[in-house]
Amino acid sequence: MILVGRDLSPFVRRCAIVMNLLGLEYERKIVAAAQDAELIKRYNPLGRVPALILADEVVIDSHAIIDYLLDTYDEAEALLAKTGDARRQALKINALAVGTMEKAVASAYERTLRPKEFIYGPYLTKLNDQVAAGLEALDLVCPSDSWIGGATPGLVDVSAVVAFDQAGIVLPELQGIAGNLATLSVKSEGLAAFLETRWVAP
Ligand SMILES: N[C@@H](CCC(=O)N[C@@H](CS)C(=O)NCC(=O)O)C(=O)O
């Protein structure tokens, strides 16, 4: 398996952490959506990362990739329950975290891809407020002394940590609003599965 994309993308990073937690062997193809769009289109016509190259197909989008990984390699339901209340609650928290990532990416694109004179302030403010609201809501469901998923990290922890860390990169002024998430992020760095994927600017 080859995971296409780099860990600056929260969607790529959450796939990488899931693969690490599942103990899978895989290769990385480190490409950036902004610079390598033509190459990425070979795997995803939209030119987006992540993509997961399998022996006989390419899976695109972090939701579909993680669905494939859990369906194939998480028989023990270590990362996500297969049915019931626990699954529904986890998917709700996961949606909150991924939604927060989407708004943070949109905010970053708004500031970096547009010429300054075309940035529409009220829209940028709305995006940043949505990121703040997402982090605050995640912080409320994040225990101060354990993983959200229980005794061991689950998909919810992966997505919550990635959303928090990404906000630290693109909207560092929001870091202070989520104390429990900050603790969770530090705790996650004790595990190689998370630490190895932490983005370090080249
Ligand atoms: N829903 C997708 C979002 C993927 C996404 O937006 N990736 C960004 C990188 S963070 C990208 O490739 N952007 C390039 C573009 O949209 O042109 C997922 O969960 O994988």
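The residue numbering used here restarts from 1 in each chain and proceeds along that chain's sequence as written. In keeping with the predicted nature of the model, local features appear solely for residues at pLDDT of at least 70, side-chain atom pairs appear and are counted solely at 80 or more, and the whole-chain, interface and lining totals rest on all residues. Side-chain metrics rest on all non-hydrogen atoms present in the structure, leaving aside hydrogens and water.

1. Points about the layout of surface pockets
Both site types are read off a 1 Å grid over the protein atoms alone. A 1.4 Å probe that fits but cannot get out defines a cavity, while an open set with protein on both sides within 12 Å along at least five of seven lines defines a pocket; lining residues have an atom within 4 Å of a point. Grid points are joined across faces, edges and corners, and a volume is the space filled by probe spheres set on the points. The space that makes up the largest pocket amounts to roughly 800 Å³. Considering the residues around the largest pocket, the lining is formed by 29 residues, among which S9, F11, A33, V105 and Y109 are closest to the centre. A helix here means a DSSP run of H or I that spans at least four residues, while a strand means a run of E at least two residues long, and both kinds are numbered starting from the N terminus. Of all the secondary-structure elements, those providing two or more residues to the lining of the largest pocket are helix 1 (10-21), helix 3 (62-73), helix 4 (84-113) and helix 6 (155-170). Ranked by residues supplied to the lining of the largest pocket, first place goes to helix 4 with eight residues. Side-chain classes are defined by residue name, with Ala, Val, Leu, Ile, Met, Phe, Trp, Tyr, Cys and Pro counting as nonpolar, Asp, Glu, Lys and Arg as charged, and the others, Gly among them, as polar. For the lining of the largest pocket, the per-class residue count stands at 17 nonpolar, eight polar and four charged. Looking at which domains feed residues into the lining of the largest pocket, each of domain 1 (2-73) and domain 2 (84-195) supplies at least three. Empty space within the second largest pocket amounts to approximately 230 Å³. I66, D67, L70, L80 and R87 are the residues nearest the centre of the second largest pocket, which is lined by 14 residues in total. Among the secondary structure elements, those contributing two or more residues to the lining of the second largest pocket are helix 3 and helix 4. The residue makeup of the lining of the second largest pocket, split by class, is five nonpolar, three polar and six charged. Composition of the lining of the second largest pocket by domain shows at least three residues from each of domain 1 (2-73) and domain 2 (84-195). In this entry, domain limits derive from an automatic or database-based domain assignment.

2. Things to note about the site of the ligand
In these notes, residues near a molecule or strand are those with any non-hydrogen atom within 4 Å of it. Taken together, the residues surrounding the ligand are S9, F11, A33, G47, R48, V49, P50, D61, S62 and Y109. Any pair of N or O atoms that falls within 3.5 Å is considered a polar contact. Within protein, one atom must be able to donate a hydrogen and the other to accept it, and sequence-neighbouring residues count only if both atoms are side-chain atoms. Within the contact set of the ligand, a nitrogen atom lies 2.9 Å away from a side-chain nitrogen or oxygen of Y109. Considering the ligand on its own, with 510 Å² of exposed area, one finds that the protein chains cover 79% of that surface. If over half the atoms of a molecule are within 2 Å of the grid points of a cavity or pocket, the molecule is regarded as sitting in it. Mapping the ligand onto the cavity grids shows that it belongs to the largest pocket. All accessible-area figures derive from a Shrake-Rupley calculation using a 1.4 Å probe, and residue coverage is judged against the displayed protein chains alone.

3. A look at the nonpolar core
Buried Ala, Val, Leu, Ile, Met, Phe, Trp, Tyr and Cys residues form a nonpolar core when they are joined through side-chain atoms within 4.5 Å. Burial classification: accessible surface area is computed with a 1.4 Å probe over protein chains only, and a residue below 20% of its type maximum counts as buried, one above 50% as exposed, and the rest as partly exposed. If you look at the biggest cluster of nonpolar residues, it comprises 58 residues, and the most contacted ones within it are V18, L52, L69, L70, L181 and L184. The element that contributes the greatest number of residues to this core is helix 6, accounting for ten residues. Viewed by domain, this core spans two of them, domain 1 (2-73) and domain 2 (84-195), each represented by three or more residues. If sequence neighbours within four positions are ignored, L70 has contacts with V18, L22, L79, L80, K82 and L155. The contact rule is simple, with two residues in contact once any of their heavy atoms fall within 4.5 Å.

4. Some remarks on the domain arrangement of the protein chain
Assigned domains of the protein chain: these are domain 1 (2-73) and domain 2 (84-195). Here the C-alpha centroids of domain 1 and domain 2 sit 20 Å apart. On the domain 2 side, the residues contacting the twelve residues of domain 1 number 16 residues. Here the quantity called buried area is the accessible surface, traced with a 1.4 Å probe, that two parts lose on coming together, added over both. A buried area of about 1300 Å², summed over both sides, lies between domain 1 and domain 2, and 74% of it is on carbon and sulfur atoms. Definition used for salt bridges: Asp or Glu carboxyl oxygen within 4 Å of a side-chain nitrogen of Lys or Arg. At the boundary of domain 1 with domain 2, the tally comes to one salt bridge. When residues of the side of domain 1 that touches domain 2 are traced back to their parent elements, those giving at least two are helix 1 and helix 3. Looking at the side of domain 1 that touches domain 2, the element that brings in the most residues is helix 1, giving eight residues. Residues belonging to the side of domain 1 that touches domain 2 are distributed by class as follows: eight nonpolar, two polar and two charged.

5. Some points on the packing of aromatic side chains
Only centres within 6.5 Å qualify two rings of Phe, Tyr or Trp (six-membered ring in Trp) as a pair; their planes then separate them into stacked at under 30 degrees, edge-to-face at over 60, and tilted for everything else. Evaluation of the coordinates by the stated rule reveals two aromatic pairs. Considering the side-chain rings of Y68 and Y73, the 6.3 Å spacing of their centres and the 85° angle between planes classify their relative orientation as edge-to-face. With relative accessibility at 36%, the residue Y73 sits in the partly exposed group. With a centroid separation of 6.0 Å and an interplanar angle of 20°, the aromatic rings of W147 and F194 are classed as stacked. Linking W147 in the loop between helix 5 (121-140) and helix 6 with F194 in helix 8 (residues 192-195), this pair joins segments that are 47 residues apart in sequence. Of the residues examined, W147 reaches a relative accessible area of 8% and is grouped as buried.

6. Describing helix 6
In this scheme, a helix's expected span is set at 1.5 Å multiplied by one less than its residue total. Helix length check: helix 6 (16 residues) gives 22 Å between terminal C-alpha atoms against 22 Å at 1.5 Å per residue, within 8%. Counting buried residues in helix 6 gives 14 out of 16 residues, a clear majority hidden from the surface.

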